[in-house]
Structure formats: structure tokens, C-alpha cells
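# Tertiary structure, described
This is what each chain is made of:
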Amino acid sequence: MMVRETPILETEKTRFLSNLLLPFRGRILASIGLAWLVLMAFFAIFAPWITPYDPLAIEPVARLTEPGATHFFGTDHFGRDTFSRCIYGARMALLIGLGTVFVSLTVGGFIGMVSAYFTRIGSVLMRVVDVLMAFPALLLALVLMTLFERSVINTIIVIGIVYTTTTARILYGMVLKLKNEVFVDAAICSGVGHTSILLRHILPNLISPLLVQASFIFAFAQLQAAALDFLGLGLPPEIPSWGNMLSESRIYVTRASWLLIYPGLLIILSVFSMNLVGDAARDSLDPRFKDDIAGV
Amino acid sequence: MLAFTIKRILATVPTLIAASMLIFLFIHLIPGDPAAILLGDTATPEEIAVLTKQMGLDQPVYVQYLKWLTNLLQGDLGTSIFFQVPVLSVIADGAETSGFLALMTMIWIIVLGIPIGAIAATKHGTWIDQITSGAAMFAASVPTFWLGLYLILIFAVGLGWLPSSGYPSIFEEGGLANLRYLLLPSLTLAAPNAALIIRLVRASMLDVQREDYVRTARSKGLHPVRVAYKHVFRNALIAVAAAFGFTFAALVSEAVVTETVFSLPGIGRTVVQSILRRDYPVIQGVILVIVVLYMVVNLLVDLAYSWLDPRVSLK
């Protein structure tokens, strides 16, 4: 028996990996997108070893230097190296994206699941979600930011709250569909508790749609964070994020167009890649959940 | 239909009340004394005491809320700390710019989004479809402010064809030609939203193409163009109409950014500036107006939807 079990486990493991990559089979653009995201993650993690300069080091003599051999992406109005700042910007992008996904999926996921399963609590909780959804996304984020100090964690919380409502609504719909499935009835009949039904019988079925939703939230969060930075209400100005770089260099762009082009392209390509990946992943989803996902 | 209309309107009321409570409480969520916050940094203790009494801040919160609501219904949204004029007139000042911006953006969205989406759907699976769908997703990935800055760089700074910022009213010198100031902003604002409409039109046309009545139309020998237009396109538009509520919310959010990029004297820029100036009464007032407007749009969309597709109200 032992001899047979090990290879089965191994094939399951490899099957899991190939299942994860399955959506990208035959989709060149989505595969390129995935590769780009891997590259960005690499930059984010190894930023200190990749960057030729300190992203905060001011070099007044070299201010507004054009892109060239010494400064690949040129320098800004303080003489800071744009390339190094862009690489560190990837770090912020990753942090904001993952943070927002974490906040919205855990809080929104909890609200959505509980609301759908316990309909009485749900009727109250989902009304609250409805009310919050009456506020346009960026506006809600702006208003919340007036209540908080500008910081990384607050930006994550604020954008996270915005997508918590969407996630709650989506999960609510999906759990309502699953609740009436036979396997849930079977679990109830065999005396399984509510928590266990939710976590061990319903949640595992929702992992793939949640992952797809996460990819879209990740993409939207980038755009929201960049907009908040641009308006001067996001990350503190001293942090090199792509949005802050664009916000600061705004008045110099007529003289130094590279300050607009590089951080902008990084945002666009990252958001585009994430959308492509999400789109590819959605196409290989269980058809029951396809329409629930709020993507591009 | 009438019953559905009444039911739908009544369903809006609780949400509206809850939202108004939230907006009312906003001023109490800010750390500090609300009267001091409302009067700004320059206020004297006497002024604060007067406003505390006037607003009834010494009374229970629900009394304050009711008083605020009564004022609201009489059109009194409070006074701007920065401008020292009623909030309503601050909002009214921005209404022309934002209104025309929204109108021109909608025109772009409809003119660009619907035909391109329809072409992508009829050419489903071909390279035309792949390119338009890809381009639409790309457009939805571009930050609004970045597109705005880039358009300014090309069309205003580089080519000098269009003004880069500001908007003089059409009632001032220049008349309707002043609308050219809104050409770049509206294009900026339309791009990501047109992209969403392209994808939506395409998706819903592909959905409708699978319906039985389309197969019937085809099998009775109708011309493919007639089927595409009369049976598929027109029914697909119902789903598009339903998405306009969502588009409105996206428009409002992005208008805040666009108006800031182009320095337009609209409501969106007023929100940002009020936040930076800590002009809380204006923030409160504008948010309230936008939320109410958003709910009205959603209500109208739902009603239009049930009128376009009578199957909806039967559910």
C-alpha cells in the first residue's frame, strides 16, 4: 500500500501545477503577461541588488538628466535616478496589490460567506455592503483617506475597504448557489457543524473563482493607488511609488518626458498583464461562477 | 410595470437614508470637536460656542441628524469654510463644467464603444476581434491621469492644436467654441469607459447570438445583416443599458482625477481641493449630491431595463 501511495501524491502535486498553468496554454499574450509579472515580482524582491543608485539619493548636479548610459531612465528634478526609483516602485506596487487582495478577500470573503449562509445576519450585513456600494470607488477611498494619515498601511486599508464590498457581493452570490447543492445537504445530514461546512465543504469550491477575482482586484488596486498618489492623498510623498513619481514630475514633463513615460508604462504594463492573466484564468473557470467575477 | 416602479423606488429609500447617515457621521468620525473642524483653524472659542449651539452639537446625535436632514431638504448643505459661501453654490459653480464634461464623455463612449464592440462580435474569433478586444483591455489598464498628461503633451504642448487646461464658461466670450477646452478631458475620461463598453457589447452580442430566436431568424432565411442588427444588436443593447449605472460610478471617480489633471473648474476638482483644504462641509455636500445622483441613475437604469426587457419585472 505504501509503495502505491507515494507516486499518486506526486502526480497530484504535478497535476496541481499544470492545472495552475493550464489557462495559459495557447494564449501567447497572457503568457507574456505572466512572464512580465514574474519579472516585476523579481524586481520588487531583489530591488536593492538590482538598482545602480539609492532611490532617495539626491544629486543636484545631475537634475533632469536625459536617459543615457549613466542613468538608464534619466533623473528627476532632484537628480534622483529614475531607473532605481522605478525598480523600488515595483516593490510598492506588489505590496499595495497583495495588501489590498488580502484585506478585501478576508474581510469581504467573511462577510459574503456568512451573509449567504446565515440569511438572517446576511440581510443586515448585505444592506451595509449595499450602502457602501452607493459610493463610487475612488470617492469612497478619497473620503476615507481624509480620516487617516497618509501611509502605506492606510492606503492598503482604504483601497481594501473599497474592494471588500465587491468581494462580499460576489461571494454572497456564489455561496447562495453552492448552499443548495447536494453535498452541502449531505454534510448537514451527517451532522457536520456550520463552521466546518463553510470552511471545509463550501470554501474549497470557491478557491479558483477567488483567485481569479484576486487578480482583477490586484490590477484595479494599482490604478486606484496611482490615482490616490497623483491626487496627493495616497502614499507619503517620500516613498518612491510609480504614482508618486508621476505626481511629482507632473510640472516637469514638458522638459523631461521620460519622467512621464517610464513609471506610466510600468503601471500600464503591470495592470494590463494582470488583466490578461485574470482573463485567461476566468475562461478556464467553472461555468457556474464565470458571470460572478467582476473583471475587465 | 407600475407596481415594479413603485417597489423599486421604495427600495431605494432605506439605502438613501443609510447613506445620508454615513455622510452625516463622517464629520463626527474626524478626531476633534465638529464645530471647531467646521469653522477651520482660524475660529475663536466664541465662534465655536455659537456654532455648537446653532448646530445643536450639545444635543443627542439623532436630534442633530434630523436637524441636518431638515436643513438638507430645504436645500441648505452648510457653509464652505474656505469660500464662506453656501456649499450648494460651490457645487452649482462646478456643475456646468462637470455636466458638459460628462455629456461629451458619454458621446465619445457611445460613438466609440458601441460600434467597435459590435464589429468585434460580428467578426468573432478573427484577428479583428482579437485586436479590438486586446486594445480595449489595454485601454482599461491605462491610468486616467497618465493618459491626460500624455494627451496634453502631444496635442497641447507638442502640436498646439488644443488648450491644455482650464475651461471658460460657454456663456462667456467664445461661446460654444469654449467646448474645445473639454475635448481632451472628455477623450481622457472616455477611453477606459469606452473600453469597458466595447467588451460588454461584444460579450452580450455573443450571448444573444446563441439564443433560440436568433437561430429561428437565421433558419427562416433572413439576411445575416438584418439578423445581426434587428435580432442580435438591439437585444444586446439592453445589457449595455443596464451597465450605464456602473459606468456612471466609474465616470465620477475618474472625473475627479481628470478635472485635476486639466485644471477644470468642475465638481471633481472641488472635491480634491476641499479634501486638501480640509473644507469638510463641502466634502460632505458634494459626496451627498454624488451619492444621490448615483442612486437616481441606478434607479432610472433599472426602470429603463424593465421597460426594454419586460421579462425582468416579472421575476
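Analysis parameters
- Residues numbered from 1 in each chain as written.
- Chains lettered and ligands numbered in written order.
- Predicted model: local features only at pLDDT ≥ 70, side-chain atom pairs only at ≥ 80, totals over all residues.
- Heavy atoms only, no water.
- Helix = DSSP H or I, 4+ residues; strand = E, 2+ residues; numbered from the N terminus.
- Buried < 20%, exposed > 50% of the residue type's maximum accessible area, 1.4 Å probe, protein only.
- Contact = heavy atoms within 4.5 Å.
- Areas by Shrake-Rupley, 256 points an atom, 1.4 Å probe, with all protein chains shown as cover.
- Lys, Arg positive; Asp, Glu negative; His and termini not counted.
- Charge placed at Lys NZ, Arg CZ, Asp CG, Glu CD.
- Buried area = accessible area lost by both parts, 1.4 Å probe.
- Salt bridge = Lys/Arg side-chain N within 4 Å of Asp/Glu carboxyl O.
- Polar contact = N/O pair within 3.5 Å; in protein donor to acceptor, adjacent residues only side chain to side chain.
- Phe/Tyr/Trp six-rings, centres within 6.5 Å; stacked < 30°, edge-to-face > 60°.
- Lys NZ or Arg CZ within 6 Å of the ring centre and 35° of its normal.
- Axes fitted to C-alpha atoms, helices over the stretch in contact; angles between N-to-C directions.
- Left-handed = near helix turned anticlockwise from the far one by under 90°.
- Nonpolar A, V, L, I, M, F, W, Y, C, P; charged D, E, K, R; others polar.
- Core = buried A, V, L, I, M, F, W, Y, C linked by side-chain atoms within 4.5 Å.
- pLDDT = per-residue confidence, 0-100.
- Patch = residues over 30% accessible without salt bridge, like charges linked within 9 Å, V, L, I, M, F, W, Y side chains within 5 Å.

## A short note on the overall build of chain A
- Within chain A one finds 12 helices and zero strands.
- Scanning chain A from its N terminus toward the C terminus, one meets helices and strands in the order α-α-α-α-α-α-α-α-α-α-α-α.
- Projecting the C-alpha coordinates of chain A onto the three principal axes gives extents of approximately 75 × 55 × 30 Å.
- Split into buried and exposed, the 296 residues of chain A put 52% on the buried side.
- Of the contacts made within chain A by residues no fewer than 6 positions apart, 72% connect residues no fewer than 24 positions apart.
- Counting only carbon and sulfur atoms, one obtains 69% of the accessible surface of chain A, whose full area is about 13,900 Å².
- For chain A, the distance from the average position of its 21 positive side-chain charges to the average position of its 20 negative side-chain charges is 5 Å.

## Concerning the overall build of chain B
- Counting its secondary structure elements, chain B contains 14 helices and zero strands.
- The N-to-C order of helical and strand elements in chain B reads α-α-α-α-α-α-α-α-α-α-α-α-α-α.
- In chain B, 71% of the contacts between residues at least 6 apart in sequence involve partners at least 24 apart.
- Accessible area of chain B: about 15,800 Å², with a carbon and sulfur share of 68%.

## A short note on the interface of chain B and chain A
- Contact with chain B, which involves 45 residues of that partner, is made by 39 residues of chain A.
- Together chain B and chain A conceal approximately 3,700 Å² of surface at their shared face, both sides included; 82% is due to carbon and sulfur atoms.
- Counting across the chain B and chain A interface gives one salt bridge.
- Our count for the chain B to chain A interface comes out at seven residue pairs in polar contact (both at pLDDT 80 or more).
- Secondary-structure elements contributing two or more residues to the side of chain B that touches chain A are α1 (2-29), α6 (127-140), α7 (144-158), α8 (183-209), α11 (244-261), α12 (267-277) and α13 (280-308) of chain B.

## Regarding the packing of aromatic side chains
- Counted by the stated rule, this structure contains 18 aromatic pairs over all chains.
- Seen from their ring centres, Tyr-163 of chain A and Phe-220 of chain A are 6.0 Å apart, and the 15 degrees between their planes marks the pair as stacked. With a gap of 57 residues between them, Tyr-163 of chain A in helix α7 (residues 152-179) and Phe-220 of chain A in helix α9 (residues 194-230) connect regions that are remote in the sequence.
- The lysine or arginine in question, Arg-277 of chain B, covers the ring of Phe-82 of chain B, its NZ or CZ lying 3.8 Å from the ring centre.

## Describing the pattern of salt bridges
Residue and element names in this part refer to chain A.
- Counted by the stated rule, this structure contains 11 salt bridges over all chains.
- A salt bridge links Glu-248 to Arg-80; its shortest N-O distance comes to 2.7 Å. Linking Glu-248 in helix α10 (residues 242-249) with Arg-80 in the loop between α3 (47-50) and α4 (82-117), this pair joins segments that are 168 residues apart in sequence.
- In this structure, Asp-130 engages Arg-127 in a salt bridge whose closest nitrogen and oxygen atoms are separated by 3.8 Å. Taken together, the residues Asp-130 and Arg-127, both in helix α5 (residues 119-133) and three residues apart, mark about one turn of the helix.

## Let's talk about the packing of helix α5 (residues 87-122) of chain B against α8 of chain B
Residue and element names in this part refer to chain B.
- Contact geometry for α5 and α8: axes closest at 6 Å, N-to-C directions at 35 degrees. α5 and α8 meet at a crossing whose hand is right-handed.
- For the contact of α5 with α8, the class distribution of residues is 21 nonpolar, seven polar and one charged.

## Quick notes on the packing of α4 of chain A against α7 of chain A
- Interaxial distance between α4 of chain A and α7 of chain A falls to 5 Å at its minimum, and their mutual angle equals 40 degrees. As α4 of chain A packs across α7 of chain A, the resulting crossing turns out to be right-handed.

## Some remarks on the nonpolar core
- Formed by 157 residues in total, the largest nonpolar core has its most connected members in Leu-142, Ile-202, Leu-231 and Trp-242 of chain A together with Phe-145 of chain B.
- In terms of residue count, α9 of chain A provides more of this core than any other element does, 16 residues in total.
- Ignoring sequence-local partners within four residues, the contact set of Phe-145 of chain B consists of Ala-226, Ala-227, Phe-230 and Leu-246 of chain A together with Val-257 and Val-261 of chain B.

## Details of the confidence of the model for chain B
- Per-chain confidence: chain B averages 84 in pLDDT, with 98% of residues scoring 70 or above.
- Interface confidence for the predicted complex, given as ipTM, is 0.83, next to a pTM of 0.85.

## Description of the confidence of the model for chain A
All names here are of chain A.
- Confidence along chain A averages 85 in pLDDT terms, with 93% of residues attaining 70 or more.
- Of all helices and strands in chain A, the one with the weakest mean pLDDT is helix α1 (residues 2-21) (59), whereas α4 scores best (92).
- For residues 1-8, every residue scores under 50 in pLDDT, and the model assigns this stretch zero contacts once sequence neighbours within four places are set aside.

## Some points on a positive patch on the surface
All names here are of chain B.
- A surface patch of positive charge is lined by Lys-220, Arg-226, Lys-230 and Arg-234.
- Position of Lys-230 among the secondary structure elements: in helix α10 (residues 224-242).
- Of the residues examined, Lys-230 reaches a relative accessible area of 40% and is grouped as partly exposed.

## Quick look at unusual backbone geometry
Residues and elements named next belong to chain B.
- Residue Gln-84 is not a glycine yet carries a positive backbone phi of 60 degrees.
- Position of Gln-84 relative to the elements: it lies in the loop between α4 (61-73) and α5.
- Taking the relative accessible area as the measure of exposure, Gln-84 reaches 57% and is therefore exposed.
- The phi dihedral of Ser-263 falls on the positive side, at around 50 degrees, and the residue is not glycine.
- Topologically, Ser-263 is positioned in the loop between α11 and α12.
- Residue classification places Ser-263 among the partly exposed positions, given a relative accessible area of 28%.

## With respect to the environment of Tyr-213 of chain B
- The topology assignment puts Tyr-213 of chain B in helix α9 (residues 212-219).
- Counting along the chain gives 18 residues from Tyr-213 of chain B to His-231 of chain B, while the straight-line C-alpha distance between them is 7.9 Å.

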